[in-house]
Amino acid sequence: MRKRNESVTVEHERAGAAAVPGPLDKGCSLRRSLRLPAPAASEGMKRPLGRRYGLWFRLRKLILWLLGMYIAIPFLVKLCPAIQAKLVFLNFVRVPYFIDLKRPQDQGLNHTCNYYLQPEEDVTIGVWHTVPAALWKNARGKDQLWFEEALGSSHPVILYLHGNAGTRGGDHRVELYKVLSSLGYHVVTFDYRGWGDSIGSPSERGMTYDALHVFDWIKARSGDNPVYIWGHSLGTGVATNLVRRLCERETPPDALILESPFTNIREEARSHPFSIYRYFPGFDWFFLDPITTSGIKFANDENVKYISCSLLILHAEDDPVVPFHLGKKLYNIAATSQSFRDYKVQFVPFHTDLGYRHKYIYRSPELPRILR
């Protein structure tokens, strides 16, 4: 019995010793108990810090990449002037998409004929001819020959030269054709080489030659009917190039109409609202000189000094693409030019409140009176 009780007591003491820690074990277990919450707390702090650091790292990386691209682009443009030429012409931008330029009736031009002319070898340009509203009934179902002969009817003709980007089927351009047709004009327009379905590579010389070819084609069929040249935006550069050549060969048009014109392509590029590099050091050397190197000038301010026909300039004050002050400056140059001393030069501004901006002057109810 005594041995049994002693064994029980020993076992009880051992169990107590195991349950009650000694000084060393107590310190260790205390340290363990103090350390246990630490990893959980630090892990909770590391997660938001890690996320913030990762987000900042990615943001910084993006900023550095954008900054690198911003600095690299001027050098790329300088080394490859063709890039700047593409940005001037924007002929690769075809808006609206998925339209068949062979079918102008799909754009609501039910009395328009589509032609193809060949100004030079390996160059073909697509042309639209919209007859005056008075001839629409007679035009139904007629072929190209009838439309060409209709140019000899007693109605004036407008040769419309559109701006960069898009095609002859652009929405605002189609709306202008309709307005001019309703006012009794034939409207002949085309896509320069490299635009729309026209074949060839774009250049200022090529665009001007295309316009000259279409003008001569019109004059060969229109007889003594008045022929007016209407240029819009970049098309004003083509228009003044064309009319200067016509005046030099003593076959001027009856009038020149410039809608949203600029003075020259360098000033337009410098004033363009989308030119994020205008304050970049060496802007002229990086961006404007490559344009000139590519043979692109569109010097309206120089051309008007050699033009001898009536001139009408239309410009909206809220034009976001070609600043209004450039159109006004061009008018001041033309108005004081000796070449216009025997011809009328008129500038018609459209107030900001009208909201005509760069391409909606056709909406003006005053346009019929202005043209008359």
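Everything numeric here is computed off the predicted structure, so don't read it as measured data.

1. A short note on the sheet that holds strand β6 (residues 255-259)
- Across the sheet, eight strands lie side by side as β1-β2-β4-β3-β5-β6-β7-β8; this open sheet has mixed pairing. Looking at which strands have only one partner, the edges of the open sheet turn out to be β1 (112-120) and β8 (345-350). In this sheet, neighbouring strand axes are inclined to one another by 20° on average, regardless of whether the strands run parallel or antiparallel.
- Here strand β2 (residues 123-130) runs beside strand β4 (residues 186-190); their pairing, made up of four bridges, is antiparallel. Counterpart to Trp128 in the pairing with β4 is Thr189.
- Sitting on the sheet, helix α8 (residues 204-222) touches β1, β2, β3 (157-161), β4 and β5 (227-232), and the angle it makes with β1 is about 120°.
- Sheet strands touched by helix α9 (residues 234-248): β3, β5 and β6. Its angle to β5, the strand with the most contacts, is close to 145°.

2. Digging into the confidence of the model for the protein chain
- Chain-level pLDDT for the protein chain is 86 on average; 80% of the residues reach the 70-or-more range.
- Contacts of residues 1-31 to residues separated by more than four positions or lying in other chains number one contact, the stretch itself having pLDDT below 50.

3. Brief notes about the packing of aromatic side chains
- Under the counting rule described, the total for this entry stands at 12 aromatic pairs.
- For the ring pair Phe324 and Phe347, a centre distance of 5.7 Å and an interplane angle of 65° mean the geometry is edge-to-face. Taken as a pair, Phe324 in helix α13 (residues 324-335) and Phe347 in strand β8 lie far apart in primary sequence, 23 residues in all.
- For Phe324, a relative accessible area of 21% translates into the label partly exposed.
- Measuring from centroid to centroid gives 5.5 Å for Tyr331 and Phe347, while their planes differ by 40°, and the two rings are tilted. Of the two residues, Tyr331 is situated in helix α13 and Phe347 in strand β8; the sequence distance between them amounts to 16 residues.
- Residue Phe347 is classed as buried on the basis of its relative accessible area of 12%.
- In textbook terms, an aromatic cluster arises when at least three aromatic residues are bridged by ring pairs, as seen for Phe89, Phe190, Tyr192 and Trp195.
- It is Arg244 that lies over the ring of Tyr306; its NZ or CZ is 4.0 Å from the centre.

4. Observations regarding a nonpolar patch on the surface
- A cluster of nonpolar side chains, Trp56, Leu59, Leu62, Ile63, Trp65 and Leu66, forms an exposed patch at the surface whose accessible area comes to about 640 Å².
- When you line up the elements, Trp65 lands in helix α3 (residues 37-79).
- Look at Trp65 and you get exposed, because its relative accessible area is 53%.

5. Re the environment of Leu242
- Residue placement: Leu242 occurs in helix α9.
- Using a relative accessible area of 0% as the deciding quantity, one classes Leu242 as buried.
- Taking C-alpha positions, Leu242 is 6.8 Å from Ala211, a pair spaced 31 residues apart along the chain.
- The contacts of Leu242, once residues within four sequence positions are left out, are Leu159, Leu161, Thr208, Ala211, Leu212 and Ile229.

6. Focus on the environment of Val131
- Assignment of secondary structure puts Val131 in the loop between β2 and α5 (136-139).
- Measuring from C-alpha to C-alpha, the distance between Val131 and Ser182 comes to 9.3 Å, with 51 residues separating the pair along the chain.
- Ignoring sequence-local partners within four residues, the contact set of Val131 consists of His111, Trp136, Ala139, Trp146, Phe147, Ser181, Tyr185 and His186.

7. Some thoughts on the nonpolar core
- Counting 60 residues, the largest nonpolar core has Phe89, Leu159, Leu161, Phe190, Ile229, Leu256 and Phe298 as its most contacted members.
- The two domains that each donate at least three residues to this core are domain 1 (55-89 + 279-297) and domain 2 (92-278 + 298-371).

8. Quick look at helix α7 (residues 171-182)
- For α7, spanning 12 residues, the distance from its first C-alpha to its last is 17 Å, which sits close to the expected 16 Å at 1.5 Å a residue.
- By the burial criterion, the buried members of α7 are His172, Arg173, Val174, Leu176, Tyr177, Leu180 and Ser181.
- Positive backbone phi, at 95°, marks Gly184, one or two positions downstream of α7.

9. Focus on α13
- When the terminal C-alpha atoms of α13 are compared, their 17 Å separation across 12 residues agrees well with the 16 Å that a helix rising 1.5 Å per residue should span.
- What α13 keeps buried is the set Leu326, Gly327, Leu330 and Ala334. Projected onto a plane normal to the axis of α13, the buried residues spread over an arc of 100° and lie on a single side.
- Tucked inside the fold, the buried residues of α13 contact β6, α10 (265-271), α12 (300-303), β7 (310-316) and β8.

10. Section: the pairing of β5
- Extensive coverage of β5 is indicated by the burial of five of its six residues.
- The pairing of β3 with β5 spans five bridges and is parallel. Across the sheet, Ile158 pairs through a bridge with Tyr228, a residue of β5.
- Relative to β6, β5 runs parallel, the two sharing five bridges. From the neighbouring strand, Tyr228 faces β6, where its bridge partner is Ala255.
- Handedness of the β-α-β unit built from β5, α9 and β6 comes out right-handed.

Calculation notes
- Residues numbered from 1 in each chain as written.
- Predicted model: local features only at pLDDT ≥ 70, side-chain atom pairs only at ≥ 80, totals over all residues.
- Heavy atoms only, no water.
- Pairing = 2+ DSSP bridges.
- Helix = DSSP H or I, 4+ residues; strand = E, 2+ residues; numbered from the N terminus.
- Axes fitted to C-alpha atoms, helices over the stretch in contact; angles between N-to-C directions.
- Contact = heavy atoms within 4.5 Å.
- pLDDT = per-residue confidence, 0-100.
- Phe/Tyr/Trp six-rings, centres within 6.5 Å; stacked < 30°, edge-to-face > 60°.
- Buried < 20%, exposed > 50% of the residue type's maximum accessible area, 1.4 Å probe, protein only.
- Lys NZ or Arg CZ within 6 Å of the ring centre and 35° of its normal.
- Patch = residues over 30% accessible without salt bridge, like charges linked within 9 Å, V, L, I, M, F, W, Y side chains within 5 Å.
- Areas by Shrake-Rupley, 256 points an atom, 1.4 Å probe, with all protein chains shown as cover.
- Salt bridge = Lys/Arg side-chain N within 4 Å of Asp/Glu carboxyl O.
- Core = buried A, V, L, I, M, F, W, Y, C linked by side-chain atoms within 4.5 Å.
- Domains from an automatic or database assignment.
- Expected span 1.5 Å × (residues − 1).
- Arc of directions from axis to C-beta.
- Right-handed = clockwise from strand over helix to strand, strands pointing away.

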